[in-house]
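Summary of the model geometry
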Amino acid sequence: MTEKTILRALAGETLPVPPIWMMRQAGRYLPEYKATRAQAGDFLSLCYNPELAAEVTLQPIRRYGFDAAILFADILLLPQALGADLWFVTGEGPRLSTVTDAAGVAGLKPASDVHEVLSPIYETLKILKRELPQETTLIGFAGAPWTVATYMVAGRGTPDQAPAHKLKDEDPVAFGKLIDLLTEGTIEYLSAQVKAGAEVVKLFDSWAGSLKGADFDRYSLEPLKRITTELKARHPGLPVILFPREAGDRYVGFAKATGADCVALDNSVDADWAAANVQVDGCVQGNLAPGHMVTGGEALVAETKRIVKAFSGGPHIFNLGHGITPDADPENVLRMIEAVRGGA
Ligand code: CP3
């Protein structure tokens, strides 16, 4: 039996204390992250510098002793590897050259070409595999095809993903080709991450909630099922975590339908509802509103304990419902960890 508690929870074990890690645990709320990022120059230079990317991945492990480390990278490196231009505007977020029609999709590189740009990411994983404490699980990740496509079509983050919805409705053939290319590129990328040392992979479908009905199946569920199935065929026993954020009642049955070992829950679903309707199929992760890391106090402790209790009857990995924000107080993270490990 492995001593890695994250792997045990993913295998379906109900543990007396849930293992814990945090989305965006390496980030701007930590002074040591800001220092290393300044040393790297900018965000993308940090992502592509294996020594420094490994260093920021390790910082929250040293500070808090989280049970998992997540590779430091970004979901938008894959579009860059497929030939899109990518840059980050400080204080605003990502910008990409846009893909708005069939010609744009046809102009991208084939999935098998992604390793040329992404090879430094595999080096980061090799360093982490060497340096992580033996009880800490190493998580690799990628964006889900739909979410990555929303950024590629719009060239930036959007509140409603309107440009991607427009392309999928006006030219479903071209949009389907983009989704297929991203699906294949993601399989290549994650398979290489596993070979380099990732023990678990997670797919972020941050904008899954904007897909309804058959579109949800076609553009979120089916590509994620294809990626999960192919990765498990190539790497037998590999645990896969899927995060169809704001999927609402579509969380029900999502793990069974895709073959995932765990679904990550955002903070819009109720923990007791999710225990009864989602955790019945296996491990769940997440659910604490990231705002508690800013506001802290008794509400943070009470909500943390409520979530731990709600999921105590089955496999559970404690996490936030979305990434921690730059204005969070590092002391509140400590309070959350104490509330989880101190018992519910
Ligand atoms: O979780 C982790 O700590 C691992 C690293 C990680 C980052 N981004 C680092 C990052 C992961 C897993 C991501 C995923 C990611 N990136 C998602 C999916 C998850 C989610 O949040 O919904 C998305 C949509 C992106 C795209 C992205 N990257 C945006 C929209 C932004 C700008 C917003 C922001 O917070 O500034 C980024 C930048 C980014 N990615 C930062 C970090 C630490 C901040 C960059 C900086 O240091 O200036």
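Structural notes, computed from the coordinates. (Residues numbered from 1 in each chain as written. Predicted model: local features only at pLDDT ≥ 70, side-chain atom pairs only at ≥ 80, totals over all residues. Heavy atoms only, no water.)

**Observations concerning the state of the cysteines**
Working definition of a disulfide: a covalent bond connecting the sulfur atoms of two cysteines. Per the counting criterion, the structure on display carries 0 disulfides. Free of any disulfide, C262 has its nearest cysteine sulfur in C283, 3.8 Å distant. (Disulfide = S-S within 2.5 Å.)

**What to know about the packing of aromatic side chains**
In this structure the tally under the stated criterion is 10 aromatic pairs. Measuring from centroid to centroid gives 5.8 Å for F216 and F254, while their planes differ by 65°, and the two rings are edge-to-face. Of this pair, F216 sits in helix 11 (residues 213-234) while F254 sits in helix 12 (residues 254-258), and the two are 38 residues apart along the sequence. A single burial state applies to F216 and to F254, both of which are buried. Taken together through their ring pairs, the aromatic side chains of Y33, F43, F72 and F88 make up a single cluster. The residue whose ring lies beneath K202 is F243, and the NZ or CZ to ring-centre distance is 4.9 Å. Residue placement shows R245 over the ring face of W207; its charged tip is 5.1 Å from the ring centre. (Phe/Tyr/Trp six-rings, centres within 6.5 Å; stacked < 30°, edge-to-face > 60°. Helix = DSSP H or I, 4+ residues; strand = E, 2+ residues; numbered from the N terminus. Buried < 20%, exposed > 50% of the residue type's maximum accessible area, 1.4 Å probe, protein only. Lys NZ or Arg CZ within 6 Å of the ring centre and 35° of its normal.)

**A closer look at the site of the ligand**
Near the ligand you find 22 residues, and of these R28, Y33, R37, S206 and H322 are the closest. R28 places a polar side-chain atom, nitrogen or oxygen, 2.5 Å from an oxygen atom of the ligand. Taken by itself the ligand offers 860 Å² of open surface, and the protein chains cover 87% of this. The cavity that encloses the ligand is the largest pocket. (Near = heavy atom within 4 Å. Polar contact = N/O pair within 3.5 Å; in protein donor to acceptor, adjacent residues only side chain to side chain. Areas by Shrake-Rupley, 256 points an atom, 1.4 Å probe, with all protein chains shown as cover. 1 Å grid on protein atoms, 1.4 Å probe; cavity = no way out; pocket = protein on both sides within 12 Å on 5 of 7 lines; lining within 4 Å. Sits in = over half its atoms within 2 Å of the grid points.)

**Quick notes on the side chain of D266**
With respect to the helices and strands, D266 occurs in the loop between strand 7 (262-265) and helix 13 (271-277). From its side chain, D266 meets the backbone nitrogen of E246 in a polar contact 2.6 Å long. Reaching out from D266, the side chain makes a polar contact with the side chain of Y251 at a distance of 3.0 Å. Beyond its immediate sequence surroundings of up to four residues, D266 is in contact with F243, R245, E246, A247, Y251, N287 and G321. (Contact = heavy atoms within 4.5 Å.)

**Considering unusual backbone geometry**
Positive phi outside glycine occurs at R24, with the angle close to 60°. Relative to the elements of secondary structure, R24 occurs in the loop between helix 1 (5-10) and helix 2 (31-40). A relative accessible area of 53% places R24 in the exposed class. Unlike most non-glycine residues, Q161 shows phi in positive territory, near 55°. As for its placement among the helices and strands, Q161 is situated in the loop between helix 8 (145-154) and helix 9 (162-170).

**Overview of the nonpolar core**
Counting residues in hydrophobic clusters, the biggest one holds 126 residues, and the most contacted among them are F175, V333 and M336. With 11 residues, the top contributor of residues to this core is helix 10 (residues 172-196). Once residues lying within four places of it in the same chain are set aside, the contact partners of V333 are M22, Y29, Y64, F66, M293 and I324. (Core = buried A, V, L, I, M, F, W, Y, C linked by side-chain atoms within 4.5 Å.)

**Thoughts on the layout of surface pockets**
Roughly 1300 Å³ of volume is contained in the largest pocket. Lining the largest pocket are 42 residues, with R24, R28, D74, F88 and P94 positioned closest to its centre. Secondary-structure elements contributing two or more residues to the lining of the largest pocket are helix 2, helix 3 (43-47), strand 2 (86-89) and strand 3 (93-96). In terms of residue class, the lining of the largest pocket is made up of 23 nonpolar, 10 polar and 9 charged. (Points joined across faces, edges and corners; volume = space filled by probe spheres on them. Nonpolar A, V, L, I, M, F, W, Y, C, P; charged D, E, K, R; others polar.)

**Quick word on the pattern of salt bridges**
Across all of its chains, the model carries 21 salt bridges by this definition. With a shortest N-O distance of 3.6 Å, R245 and E246 are connected by a salt bridge. Residue R245 is classed as buried on the basis of its relative accessible area, which comes to 10%. Its relative accessible area of 42% is what places E246 among the partly exposed residues. Here R306 and D270 are joined by a salt bridge, their closest N and O atoms 3.7 Å apart. Of this pair, R306 sits in helix 15 (residues 297-310) while D270 sits in the loop between strand 7 and helix 13, placing them 36 residues apart in sequence. Taking the relative accessible area as the measure of exposure, R306 reaches 33% and is therefore partly exposed. Judged by relative accessible area, which is 35%, D270 ranks as partly exposed. Where salt bridges share partners, they join D270, D272, E303 and R306 into one cluster. (Salt bridge = Lys/Arg side-chain N within 4 Å of Asp/Glu carboxyl O.)

**Let's talk about the pairing of strand 6 (residues 240-244)**
The side chains of a regular strand alternate, residue by residue, between the two faces of the sheet. Across the 5 residues that make up strand 6, a large majority, 5, are buried. Bridging between strand 5 (residues 200-205) and strand 6 involves 5 bridges; their strand directions are parallel. Counterpart to F204 in the pairing with strand 6 is F243. This β-α-β element, strand 5 to helix 11 to strand 6, shows right-handed connectivity. Examined bridge by bridge, strand 6 and strand 7 share 2 bridges and lie parallel to one another. Bridge pairing links I241 to C262 in strand 7. (Pairing = 2+ DSSP bridges. Right-handed = clockwise from strand over helix to strand, strands pointing away.)

Function cannot be read off these values alone, since they describe shape.
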